[in-house]
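# Descriptive structure summary
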Amino acid sequence: AVPGIYLFSTSNPEWYREAKANAILKNDGIVQYTYQHQLEQASMLVSGIITPIKIENETTLVKLFPTNSDKKSAEKRSGTGFAISTNGLIVTNYHVIQNSNEIFVRGVNGSFSKRYQCSVVSFDKNNDLAIIKIDDPSFVKLSTIPYSIRSQSCEVGENVGVLGYPLMASMGEEIKYSNGTISSKSGFQGDITTYQCSAPVQPGNSGGPVFNKNGDIIGIICSKHKGAENVTYAIKSSYLIALIESLPIPYKPSVNQIAPESLTKKINAIGKFVYIVEN
């Protein structure tokens, strides 16, 4: 009923009665459980009462199959990406497309039934960034990108919004919006390459855009703190700009066209260029 927890049961009528325990699978493949049995052949005298001796067994096992490599090869991942050019350049996290044999995006031009095949153009493994490009022959050029990528650093307290496709299996494929503020100009354990923000995210948000009140992209969602509520980390857009500048193909920066619009219109305009990334 609970992933990673198994029921251990053993019985040997010649020596002891049936014993049961919960066996817990750790992240590193270690299975641990403790159980008790009493030896019918051995006993001890306590306060004049003969009591069978109870033996406690602490067991540690190593889960060998399937192997980690088997699991990774069969694992399917999905995340979020957003377009930065009309010719199909899309930004996402490196961990979303890492070790992928094939990469697809859905949601292009509003179609979620059509999957467009992509290839990796450039990536920055250290900063968990990747730029992919739609290579599908059926792809039609995108309309003008309505937002820009901000190079200046954000300040603590700035309002930000996040768009993405979290937990699609249970939450559906409609794009989701969440909001919050910049909580810190550094991320996990003081990482200066990321912001900490309070916008709640879930698995599937990885690679999604973080934008400010003007609709400028200021970060890319990369992770969340599992031990705290609504603690989200976003890669600063300056690192994305550096990756874009190293692209082997021409790139023309887009100009913000939605700054004077209402929040609802900003969400709608940006959302048209935010896609599901699958492998």
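Check the entry above for the structure.
So, here is what we can say about the structure in this document.

Reading the values: the criteria
Residues numbered from 1 in each chain as written. Predicted model: local features only at pLDDT ≥ 70, side-chain atom pairs only at ≥ 80, totals over all residues. Heavy atoms only, no water. Phe/Tyr/Trp six-rings, centres within 6.5 Å; stacked < 30°, edge-to-face > 60°. Helix = DSSP H or I, 4+ residues; strand = E, 2+ residues; numbered from the N terminus. Buried < 20%, exposed > 50% of the residue type's maximum accessible area, 1.4 Å probe, protein only. Pairing = 2+ DSSP bridges.

Considering all chains together, one arrives at 6 aromatic pairs under this definition. Their ring planes at 65° and their centres at 6.0 Å tell us that Phe112 and Tyr165 sit as a pair that is edge-to-face. Remark: Tyr165 occurs in the loop between strand 10 (159–164) and helix 3 (168–171) and Phe112 occurs in the loop between strand 7 (103–106) and strand 8 (115–124); sequence separation between them is 53 residues. A residue is classified by how much of its surface remains accessible, and Phe112, at 30% relative accessible area, is partly exposed. Pairing Tyr147 with Phe273 gives two aromatic rings, centres 6.2 Å apart and planes at 80°, and the pair type is edge-to-face. Within this pair, whereas Tyr147 is found in the loop between strand 9 (129–134) and strand 10, its partner Phe273 is found in the loop between helix 5 (263–271) and strand 16 (274–278), the two being separated by 126 residues in sequence.

This part covers unusual backbone geometry. Even without being glycine, Gln189 reaches a positive phi, approximately 55°. Examined against the element boundaries, Gln189 turns out to sit in the loop between strand 11 (176–184) and strand 12 (194–197). When its relative accessible area of 75% is taken as the criterion, Gln189 is described as exposed. With a phi angle near 55°, Asn230 is a residue other than glycine that sits in the positive phi range.

To continue, consider the pairing of strand 5 (residues 78–83). Within strand 5, 5 of the 6 residues are buried, which leaves the element mostly enclosed by the surrounding structure. Across 5 bridges, the pairing between strand 5 and strand 16 is antiparallel. Bridge pairing in strand 16 places Gly79 opposite Val277. Both strand 5 and strand 6 (residues 89–92) contribute to a ladder of 2 bridges, which runs antiparallel. Each bridged residue has a counterpart across the sheet, and for Phe82 the counterpart in strand 6 is Val91. With antiparallel pairing between neighbouring strands as the criterion, strand 5 and strand 6 make up a hairpin whose turn holds 5 residues, including Gly88 at a positive phi of roughly 95°.

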